[in-house]
Every structure is written in structure tokens, then in C-alpha cells.
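Architecture and fold: a report
For reference, the chains in residue letters:
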Amino acid sequence: MKKIFTLVAAIALTTGALFAQDLNEATETFNNALTAFQEGNKTSALDSFNKALTIAKGLGEDGASLVSDCQGTIPKVLLSIAKDLIKENKYDDAVAKLNETVTVATEYGVDEVIEDAKTLIPQVLMQKGNDLLKTDPAAAAAVYQQILDSDATNGVAALRLGAAYNAAGKAEEAVKAFEIAAANGQEATAKKQLSNVYLKQASNFLKAKKYSDAVEAALKCNEYVANPTALQIAGQASQLGGKNNDAIKYFSEYLEAAPTAKNAGQIAYTVGALYQQAGNNAKAKEFYQKAMSDPKYGAEAKKLFDALK
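The next subject is the overall build of the protein chain. From N to C terminus, the protein chain includes 15 helices and zero strands. Computed over the C-alpha atoms, the radius of gyration of the protein chain is 36 Å, more than 25% above the 19 Å expected from 2.2 N^0.38 for a compact globule of 309 residues. Here the C-alpha coordinates of the protein chain stretch approximately 140 × 30 × 25 Å along the principal axes. Burial statistics for the protein chain: of 309 residues in total, 40% are counted as buried. Contacts spanning at least 24 positions in sequence make up 44% of the contacts within the protein chain whose residues lie at least 6 apart. Split by element, the accessible area of the protein chain, about 17,100 Å² in all, is 51% carbon and sulfur. The averaged location of the 36 negative side-chain charges in the protein chain is 12 Å from the averaged location of its 33 positive side-chain charges.

Given below as C-alpha cells:
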């Protein structure tokens, strides 16, 4: 029986020594990881922290303090690695590392790291989209859409998405994106962009001789931001489409909005001619008179003015 007790005691002593040895190894590994991190060897540090964590978990209560230290540190190391990837413009790798950071920090309950990583993800995607916008608008649009898929209220992302679609020639999609931006804190800028989209459409429709579409787009442009050029296009499209009364209306509004424009004399002359065709000589004379100072159309305007009773 005495031999048995001696054997049990020997086993206990051996086990205690092994536990102490493992704890020392875990502690040394943790300290080496800290040194590696401070020296900038972050990937190596991460591997060592995880190794220390694994050893410490096997020690039960004896390793509990070290487990806590490892779990509190590992998410911060992951976040630091992600930030380095951002600085190197390795956006996809950075987003993947940030998502890993969120997962690990959630598992270990490191709330401040979770929030930091979640905040950085859309910022990294935005930076990626901005870089792509210069060379590949369609690819940029996909990135901005990725941001909106996670946060439909991100007005800046919606604004950039609209710009990307517009650059890619997708006007309908651009309009939808700008409308989302306008509803989420970017109203002034979004309305300006919407106005520009419709102005471009109006100009293209006019060139394509789609006169009614040109008028519709021009008027839509002015719903967002008043633009004299849109009124001019509406006037031109109406005149070419045989709708002289509408042409008079839009050209007159153009002259009110831009009385000092370089082509004001020409437009006034055109309105005078349209009124004359309609048999309204009084209004014709009024606009011919406005055109008399124009270097190109002034002489003819005076001639027609003098000819009218």
C-alpha cells in the first residue's frame, strides 16, 4: 500500500510540474508575441498569441488569466493588421481581415474592436470605389452598391453610386441612386446631379430629334435645379417639333432667366419671328426691339420691327 501511495504522490508531483511547465511556456509565448508585435511582426505575433491561447485553455483555472489576456489582445492585433492592409490599398484583403476581426472580437467579447472594425469596412469600400470610379465606373458602382446593401441609409454611398452609373451611361440607375442620396442627407448635391442627368438627356434627345422627349427631360431638369440651358433646349425642341406656342413660352422663360446670355439677342429675334408668324405683331415688335442690339441679328430685327404696323 505504501508503494501505491508513493506512486500516486509521484504522479501528482509530475502532473504539477507539467502544469507549471505548460504555464511557463504559455506565458513565454505570450511575451514573445508582444515583442514581435512591438517590432512590427504582426502576423508572427498573431500566431504566437493564438498558440499561447491554446496552451492556456488547456490549463483550466491556472491558465484563465492568460486566456483572458490573449482573447483581449488577439482582436486588436487583427485590427492592426487590417489597418496596415488599408494603408497599402489592399482593399479586398483589408475587408476580409476586418470581417475576421469582427467575428473574433464578437467571440471574445471585445466590443470596442467590433465597433472600430464595423466602422472601417464601409470606409474601405468607399475608398476602393473612389479609386475605381476614375477608370472603371461599372466596377465602382458594384462596390458602392455593396455598401448600400449593408446600410441602405448611406447617402454618400448612394451619391457616389449615382455618379458611377452616370459615368457608365446608365441614366435610369443613376437617377434612382441620386434619389436615395437625396432622401438620406445629400439632398442639395443629389438634386444638382439629378438636374445634370436630365439636362444631358435633354441634349441627347434634341440631337436625336426626339423633340417631345427632349422637352420632358428639360422640364424634369428644372424641377430639381433651375437651369436656363434646359429652358433653351425645351424651346428649341418645341420649335423643331412644330409647337410654336410652347417654343415662345420656353424661350421667353429662358430670356427672363438669362437676360445677359450671349445668345439672348438671337433668342429674342426667334421669339419675335414666332410671334409674327402667329399674327401677334405687338409682341413681335417687343422682342424684335430686344434683339436690335445683337451684332448678328440686330439689323434684321430692326428691319422687321420697322415693317410691322
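Now that the structure has been shown, we can carry on.
In a regular helix each residue adds 1.5 Å, so 13 residues correspond to 18 Å; helix α7 (residues 155–167) covers 18 Å between its end C-alpha atoms and thus fits that length. Looking at α7, one finds that the buried residues are Gly-155, Ala-157, Ala-158, Leu-159, Leu-161, Gly-162, Ala-164 and Tyr-165. Each element contacted by the buried residues of α7 is listed here: α5 (111–133), α6 (137–150), α8 (171–182) and α9 (187–207). Two or three places before Val-156, at the start of α7, stands the capping residue Asn-154, its side-chain oxygen 3.3 Å from that residue's backbone nitrogen.

Here we come to the nonpolar core. Of all hydrophobic cores here, the largest spans 73 residues; its most connected members are Phe-49, Cys-70, Ile-74, Leu-98, Val-124, Tyr-144 and Leu-161. A per-element tally of this core places helix α3 (residues 64–87) first, with 11 residues. Not counting residues within four places of it along the chain, the set of residues in contact with Leu-98 comprises Leu-79, Ala-82, Ile-86, Ala-117, Leu-120, Ile-121 and Val-124. By size, the runner-up hydrophobic cluster in this structure holds 22 residues, among which are Ala-247, Ala-264, Ala-268 and Phe-305.

Our next topic: the pattern of salt bridges. One pass over the structure, following the stated rule, counts 11 salt bridges. Among the salt bridges present, the one from Glu-88 reaches Lys-90, with a minimum N-O distance of 3.2 Å. Accessibility expressed as a relative area gives 47% for Glu-88, which makes it partly exposed. Residue Lys-90 is classed as partly exposed on the basis of its relative accessible area, which comes to 40%.

Think of two packed helices as two axes; the pair is described by the angle between the axes and how far apart they sit. Interhelical geometry of α9 versus helix α10 (residues 211–224) gives an angle of 165 degrees and a closest axis separation of 8 Å. In terms of orientation, α9 and α10 fall into the roughly antiparallel class. Between α9 and α10 lies a crossing whose hand is left-handed. Where α9 approaches α10, its residues Lys-191, Leu-194, Ser-195, Tyr-198, Leu-199, Gln-201, Ala-202, Phe-205 and Leu-206 are matched on the opposing element by Tyr-211, Asp-213, Ala-214, Ala-217, Ala-218, Lys-220, Cys-221 and Tyr-224. Of the residues assigned to the contact of α9 with α10, the class counts are 12 nonpolar, two polar and three charged.

A few words now on a negative patch on the surface. On the surface, a cluster of negative charge is made up of Asp-111, Glu-112, Glu-115 and Asp-116. Within the secondary structure layout, Glu-115 lies in helix α5.

Okay, the side chain of Asp-294 next. With respect to the helices and strands, Asp-294 occurs in the loop between α14 (281–291) and α15 (298–307). Among buried Asp, Glu, Lys and Arg side chains, Asp-294 stands out as unpaired, with Lys-296 the closest opposite charge at 7.6 Å. A polar contact is formed between the side chain of Asp-294 and the backbone nitrogen of Tyr-297, at a distance of 2.8 Å. The contact partners of Asp-294, leaving out residues within four places of it in the chain, are Lys-262, Gly-265 and Gln-266.

Quick look at the packing of helix α11 (residues 228–240) against helix α12 (residues 244–257) now. Two elements in contact, α11 and α12, have axes separated by 8 Å at closest approach and are oriented at 160 degrees. The angle between α11 and α12 falls in the class roughly antiparallel. Crossing handedness for the pair α11 and α12: left-handed. Note on element contacts: α12 touches α11 through Asn-244, Asp-246, Ala-247, Tyr-250, Phe-251, Glu-253, Tyr-254 and Ala-257, opposite Pro-228, Thr-229, Leu-231, Gln-232, Ala-234, Gly-235, Gln-236, Ser-238 and Gln-239.

Analysis parameters
- Residues numbered from 1 in each chain as written.
- Predicted model: local features only at pLDDT ≥ 70, side-chain atom pairs only at ≥ 80, totals over all residues.
- Heavy atoms only, no water.
- Helix = DSSP H or I, 4+ residues; strand = E, 2+ residues; numbered from the N terminus.
- Rg over C-alpha atoms; globule rule 2.2 N^0.38 Å.
- Buried < 20%, exposed > 50% of the residue type's maximum accessible area, 1.4 Å probe, protein only.
- Contact = heavy atoms within 4.5 Å.
- Areas by Shrake-Rupley, 256 points an atom, 1.4 Å probe, with all protein chains shown as cover.
- Lys, Arg positive; Asp, Glu negative; His and termini not counted.
- Charge placed at Lys NZ, Arg CZ, Asp CG, Glu CD.
- Expected span 1.5 Å × (residues − 1).
- Polar contact = N/O pair within 3.5 Å; in protein donor to acceptor, adjacent residues only side chain to side chain.
- Core = buried A, V, L, I, M, F, W, Y, C linked by side-chain atoms within 4.5 Å.
- Salt bridge = Lys/Arg side-chain N within 4 Å of Asp/Glu carboxyl O.
- Axes fitted to C-alpha atoms, helices over the stretch in contact; angles between N-to-C directions.
- Parallel < 35°, antiparallel > 145°, perpendicular 65-115°, else oblique.
- Left-handed = near helix turned anticlockwise from the far one by under 90°.
- Nonpolar A, V, L, I, M, F, W, Y, C, P; charged D, E, K, R; others polar.
- Patch = residues over 30% accessible without salt bridge, like charges linked within 9 Å, V, L, I, M, F, W, Y side chains within 5 Å.

Purely geometric stuff here, so don't read any function into it on its own.
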